[in-house]
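If you want the building blocks of each chain, they are given just below.
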Amino acid sequence: MTTCITGTGLYIPPYSISNEELVESFNHYVENYNTEHAEEIAAETVTALEPSSAAFIEKVSGIKSRYVMEKEGILNTEIMAPVIPYRNLGEELSVMAEMGAAALRDALADAGLEANDLDGIILACSNFQRTYPAVAIEIQNEIGMIGGFAYDMNVACSAATFGLSQAHGSIISGLAKRIAVVNVEITSAHLNWRNRDSHFIFGDVATASIVEELDTPKGYEILNSKLFTQFSTNIKNEYGFMDRSEYLAAQTEMYPDIKAPVTDKLFLQNGRKVFREVCPKVSEIITEHLQENDIPTSDVKMMWLHQANANMLDLILRTVIGKDADKSIAPSVIAEFANTSSASPMIVFHRHKDDLVSGDLGVICSFGAGYSIGSVLVRKV
């Protein structure tokens, strides 16, 4: 018996924002802010905001555009956040479940399966719109899957590879025979669109993968996985259910030092430190994983990497494969999708899984907050 990835699915949101559109909105906000605080800026009690440019964004990230679930609110300088109406739980399908179900139906069709062929669903993401009931169970209900199990899990941008590893392990242990791993990211809702250093990074999307136990392998056989975590606060998003209590505490004399502005709880990143610390570790984990399986780097035909940043992709590729490595080994979708957190390596896998031939080896690798790194070795059947 082998465990294989037999189908993948992709849901693309209805709207796209180009760098040029984003910069026009952001610079308008900067101009208004600097005008409003002109006296404080002159007195040096407030720091003036700097404008951005489409060329700057593409240079530092490789991003040209991003997909989003709602566009007008993001580009409105009075709002600068997606405006997505509340849906009454139990009466209306949540936005997150809607996206995940669409991607999952696509993956099931790709694998030639029906909803009731599944034994489990793992929703592996960076952000969830609620704590419980699990959005995975809502997706289970929406697609008409009767019986089995579904649960949510979070390892930030590494959630897809950790989810694949969890599905693989569950099948090996006998818990299930077919599991769907779904990655839904509404990153536009966790992003501070007023932060020049990070407002351009993310996009929304949903992906899904079908993992099966088979007598006769097909698709991509999962050989094994390697997982790594190490605590760091260089990438963080602290927005959560404790915010109300912390906000109330901040209003009392008991805790005068606590501040709870919403923007401080949204996505924050020390980009330079992340680049310096994460890239070498990702390369190290992939290299060790290959060595543990007696696979020379020259045998790796493709690396489906987390689309965090174009410069990170290039560095990891050159460090693992060699300085003269063919860039097609690590294909990129970041220019079109931006960083889509946990879903990003699966977008690349979905788009490029047919590029290899039988017997070819590849690595699905994701990395991000935690720090967390996941490497999954696969072989084209």
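Residues numbered from 1 in each chain as written. Predicted model: local features only at pLDDT ≥ 70, side-chain atom pairs only at ≥ 80, totals over all residues. Heavy atoms only, no water.

Peer 1: Just checking my understanding: could you explain the environment of Leu123 for this structure?
Peer 2: With respect to the helices, strands and loops of the structure, Leu123 is situated in strand E4 (residues 120-125). By relative accessible area, which is 0% here, Leu123 ends up buried. With 23 residues separating them in the primary sequence, Leu123 and Gly100 have C-alpha atoms 8.3 Å apart. Sequence-distant contacts of Leu123, that is, excluding residues within four places in its chain, are made with Met96, Phe128, Val135, Ala136, Ile139, Tyr151, Asp152, Met153, Val182, Asn183 and Val184. (Helix = DSSP H or I, 4+ residues; strand = E, 2+ residues; numbered from the N terminus. Buried < 20%, exposed > 50% of the residue type's maximum accessible area, 1.4 Å probe, protein only. Contact = heavy atoms within 4.5 Å.)

Peer 1: Quick question: what am I supposed to make of the pattern of salt bridges here?
Peer 2: When their charged atoms lie close together, side chains carrying opposite charge are able to pair. Following the criterion strictly, the structure yields 16 salt bridges and no others. The residue Glu142 makes a salt bridge to Arg105 at a minimum N-O spacing of 3.1 Å. Here Glu142 is found in helix H6 (residues 135-142), whereas its partner Arg105 is found in helix H5 (residues 95-111), with 37 residues between them in sequence. Residue classification places Glu142 among the partly exposed residues on the basis of a relative accessible area of 33%. The partly exposed category is assigned to Arg105, whose relative accessible area is 40%. Its salt-bridge partner being Glu292, residue Lys226 comes within 2.9 Å of it at the nearest N-O pair. Here Lys226, found in strand E8 (residues 220-229), pairs with Glu292, found in helix H10 (residues 271-292); they are 66 residues apart in sequence, far enough to count as distant. Salt bridges linked by common partners bring Lys226, Glu288 and Glu292 together as one network. (Salt bridge = Lys/Arg side-chain N within 4 Å of Asp/Glu carboxyl O.)

Peer 1: Teacher, can you tell me more about the packing of H5 against H6 here?
Peer 2: Helix-helix packing is described using two parameters, namely the angle between the two axes and the distance between the axes. Two numbers describe how H5 lies on H6: the axes approach to 9 Å, and their chain directions differ by 55°. Overall, the two elements H5 and H6 adopt an arrangement that is oblique. Our pair here, H5 against H6, has a crossing hand that is right-handed. On H6, the residues touching Met96, Ala97, Gly100, Ala101, Leu104 and Arg105 of H5 are Val135, Glu138, Ile139 and Glu142. (Axes fitted to C-alpha atoms, helices over the stretch in contact; angles between N-to-C directions. Parallel < 35°, antiparallel > 145°, perpendicular 65-115°, else oblique. Left-handed = near helix turned anticlockwise from the far one by under 90°.)

Peer 1: Sorry if this is basic, but what is going on with the pairing of strand E1 (residues 2-11) here?
Peer 2: Two faces, one strand: in a regular strand the side chains alternate between the faces of the sheet. The element E1 is largely enclosed, with a buried count of ten among its ten residues. Relative to E8, E1 runs antiparallel, the two sharing two bridges. Residue pairing in the sheet places Cys4 in a bridge with Glu221 of E8. (Pairing = 2+ DSSP bridges.)

Peer 1: Is there a simple way to think about the sheet that holds E8 in this case?
Peer 2: Two orientations exist for strands paired in a sheet by backbone hydrogen bonds: parallel and antiparallel. Strand order in this open sheet of nine strands is E5-E4-E6-E7-E1-E8-E13-E12-E11, and the pairing throughout is mixed. With one partner strand each, in any of the chains shown, strand E5 (149-154) and strand E11 (300-305) form the two edges of the open sheet. Looking at each pair of strands side by side, their axes are set apart by 25° on average, direction ignored. In this structure, E4 lies alongside strand E6 (residues 178-185), joined through four bridges in parallel fashion. Along E6, the bridge assignment pairs Gly120 with Ile179.

Peer 1: What exactly am I supposed to notice about the side chain of Asp204 here?
Peer 2: Within the element layout of this structure, Asp204 appears in the loop between E6 and strand E7 (205-214). The side chain of Asp204 sits in the buried core without any salt bridge; Arg66 is the nearest counter-charge, 9.4 Å away. Within the structure, Asp204 has its side chain in polar contact with the backbone nitrogen of Thr187 (distance 2.9 Å). Within the local environment of Asp204, its side chain forms a polar contact with the side chain of Ser188, the two groups lying 2.7 Å apart. With residues near it in sequence (within four places) discarded, Asp204 still touches Pro13, Tyr67, Val68, Met69, Glu185, Ile186, Thr187, Ser188 and Thr340. (Lys, Arg positive; Asp, Glu negative; His and termini not counted. Polar contact = N/O pair within 3.5 Å; in protein donor to acceptor, adjacent residues only side chain to side chain.)

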